[in-house]
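Fold and geometry: a report
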Amino acid sequence: MSTEVLPPVAPEVLAEAVEQLSARLRKKLDAAIAGCAASAVPSADGSVGVRFGEDAAVTLRPGPSGTVAAAAQAVCTCLLAPRCLHRAAALGAAPIADPAADPGSQAATDAGMPPETAAVLGDGPEPVTAAVADSPAARAEGTESPAPALTAAQVRAATALWEAAAEALSAGVMAGGAVVQAELLRAAHTARLAGLPRAEAAALRVVRGLRAARERGQGQRLGDLTSGFRELLAGAALLVAGSAGSGATGTSRRSYEAGGSLRVYGLCREPVLSATGYGGVTTHLLGPDGSGYTVSDVRPGGLARARGAGSASVALGGAVLDHAGLARGGLRIVGATVSADGRLGTGRGVNATPLRGVDWSEEPAATLFARPVHEAMAVALDGGSHGAGATDGTEASLLGCDVVVVGAVGEYLVARVADDGPLVRLRAAHPHPELPHTANLRRIAQHPGLALRVLGRPDLERAATLRPLAVGPVPGASHTLRLPEEWLGRADLGYDRLQGSHFPTGAARPEPSGPVAAGPDPLADAPLWRVRRLLETGVAGGRRAVAEAGRGSDTAAVVAPLRRAGFGGAAQLVAALTAEADRRPRDAFGRLTDGTADGYARAWLASAVHLAAAERSLVAASWC
């Protein structure tokens, strides 16, 4: 179902429209929604009309922001309006709007925008000086902010969100139609009003995932929706228990604190291309103390914007550099403002002057490549990495290492970390064919034995996998890259294209006689995939599907391999999950005595959290 014509609708508007329907009309809502997008017709005044037969027509009139943000902006001509099926169906067919807060807020970021996108949209011309306890400057001073106590309203909102999420999980994708989604949207709106934007964003992400799964949208992955449910339930449970840490509530606006005077040096550029039509570039920078910073330029425009932004001017304190120059240069910034994730603000009081760039073999960049990869990965997997490129826990920080190319295996380029390190899989940071990531890796794969310095982002969900953003020659190596002097010793794989002249002549060693192997994969070899499949079965088919999977010999088929492989905790949690899914206590008259999904959601969440921790431990082991 295409929703390109229909304007975005605020979550609370849709939730209210569904709540006004009678029980009889709610049963017809999903069928009514199915044909709305095809019959939507835009008008010259900006409104969109949806006709239902000869007697009813719904008109959606978005406000100046392009969003239907009030109930009065959706009207129907039928006699039952506004409590009619037509109006609720038209609103239900429209895309869910981002939170009404500042578009650069954490809520907007978590709701589906890439972090760089929301960061750019959130920057205004005025300086923002709200204190951020987890900013690079605060970390340098070793200060931490204690977790604030939750208010009674926040606890009630978190409880309502937990209950709605548990019911949605129990229903699954197949039964998670518009009515179930509306309950989640209402709980999300309540969470926003209570000051819980992070929880609201998690709920909106789940609703969008449910919609995509039901519509079988391209690019939709059941694993992503499973992760969304895990994050939503885990966050709500911590808030309800009052044990959430600092930052668990989120912020309604990206906050910046005064960073004083800074010196930053460019590391590389990274194209940004999102599924929602945004495109641009993020330039990664490094401070003298090893703190990571970013300057982003991401706006609507898609692929063309992502390709062109790599050489666009840097809008930071009057700097005369473009992003290509900044990635190989530096800046001295006076009056800097810095967000918690290292994003540099562009307020009026910021002044920047260019500096000479540093080679990767010079400090502070050299420190990134001197750290053993297993130590860097242990920190990244702990979620405590605040180095270059860290994004407040949403992505891994940048990792640098020296490798020797082995060859290509399927979609990977296999390389061995220098000094007898592990085999790692280099995978394109962005697989879009119009971006040069894949082409550059294929050209590198044609030179086995090539010594290479790599800077990239580790994939925290795959064994020993690195997504390289830039490469350069290894200092002192004879068989390594030969890059132009103006490139300052590195090539940005998303923008620069490696040519034959950039590689050494001859071969460092003979071609491998047999097929190239990618090395052991402890994550793929472990039977934890059985747990993942059971959890995804629950998301797709709901509680009933998990109960069916746990009956008879099916439970033993999952539990026994886990116990034989030493995953006793996972086996115990799986057994508890299937038992809880099938537990439907009834009284002497056959009526359910416990009709809530609370116990089932807790059992599912326990297995999901345990699985995530076990998989991350195996990923960490693959880097040793």
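The structure this text deals with has already been given above.
Quick summary incoming for the structure in this document. (Residues numbered from 1 in each chain as written. Predicted model: local features only at pLDDT ≥ 70, side-chain atom pairs only at ≥ 80, totals over all residues. Heavy atoms only, no water.)

What follows covers the environment of Pro-7. Here Pro-7 is to be found in the segment before α1 (11-19). Accessibility expressed as a relative area gives 7% for Pro-7, which makes it buried. Separated by 89 residues in the primary sequence, Pro-7 and Ile-96 place their C-alpha atoms 8.9 Å from one another. The residues touching Pro-7, leaving out its near neighbours within four places in the chain, are Val-48, Leu-60, Pro-62, Gly-66, Val-68, Ala-94 and Pro-95. (Helix = DSSP H or I, 4+ residues; strand = E, 2+ residues; numbered from the N terminus. Buried < 20%, exposed > 50% of the residue type's maximum accessible area, 1.4 Å probe, protein only. Contact = heavy atoms within 4.5 Å.)

Here we take up the packing of helix α9 (residues 178-193) against helix α10 (residues 197-215). Their axes nearest at 8 Å, the elements α9 and α10 cross at an angle of 160°. What the angle tells us is that α9 and α10 run roughly antiparallel. The two elements α9 and α10 cross, and the hand of that crossing is left-handed. Within the contact between the two elements, α9 uses Gln-181, Leu-184, Leu-185, Ala-188, Ala-191 and Arg-192 and α10 uses Glu-200, Ala-203, Leu-204, Val-206, Val-207, Leu-210, Arg-211 and Arg-214. (Axes fitted to C-alpha atoms, helices over the stretch in contact; angles between N-to-C directions. Parallel < 35°, antiparallel > 145°, perpendicular 65-115°, else oblique. Left-handed = near helix turned anticlockwise from the far one by under 90°.)

To continue, consider the side chain of Ser-622. Here Ser-622 is to be found in helix α21 (residues 598-622). Given a relative accessible area of 10%, Ser-622 falls into the buried group. In terms of polar contacts, Ser-622 uses its side chain to reach the backbone amide nitrogen of Ala-464, at 2.8 Å. Excluding residues within four positions of it along the chain, Ser-622 makes contact with Pro-422, Ala-463, Ala-464 and Pro-522. (Polar contact = N/O pair within 3.5 Å; in protein donor to acceptor, adjacent residues only side chain to side chain.)

So, about the side chain of Glu-270. In this structure, Glu-270 sits in strand β5 (residues 256-273). On the basis of relative accessible area, Glu-270 is assigned to the buried category, the value being 10%. At 2.8 Å, the side chain of Glu-270 and the side chain of His-284 are in polar contact. Polar side-chain contacts of Glu-270 include one of 3.0 Å to the side chain of Arg-457. Once residues within four sequence positions are removed from consideration, Glu-270 is found in contact with Gly-280, Val-281, Thr-282, His-284, Arg-457, Leu-469 and Tyr-495.

Moving on: the pattern of salt bridges. With the rule as written, the count across this model stands at 24 salt bridges. Across the pair Arg-299 and Asp-297 runs a salt bridge whose closest N-O atoms are separated by 3.5 Å. On the basis of relative accessibility, which here comes to 9%, the residue Asp-297 falls in the buried class. A salt bridge links Glu-362 to Arg-356; its shortest N-O distance comes to 3.4 Å. By relative accessible area, which is 30% here, Glu-362 ends up partly exposed. Looking at Arg-356, the relative accessible area reads 59%, which means it is exposed. What emerges from the salt-bridge pattern is a single network uniting Arg-269, Arg-328, Asp-492 and Asp-496. (Salt bridge = Lys/Arg side-chain N within 4 Å of Asp/Glu carboxyl O.)

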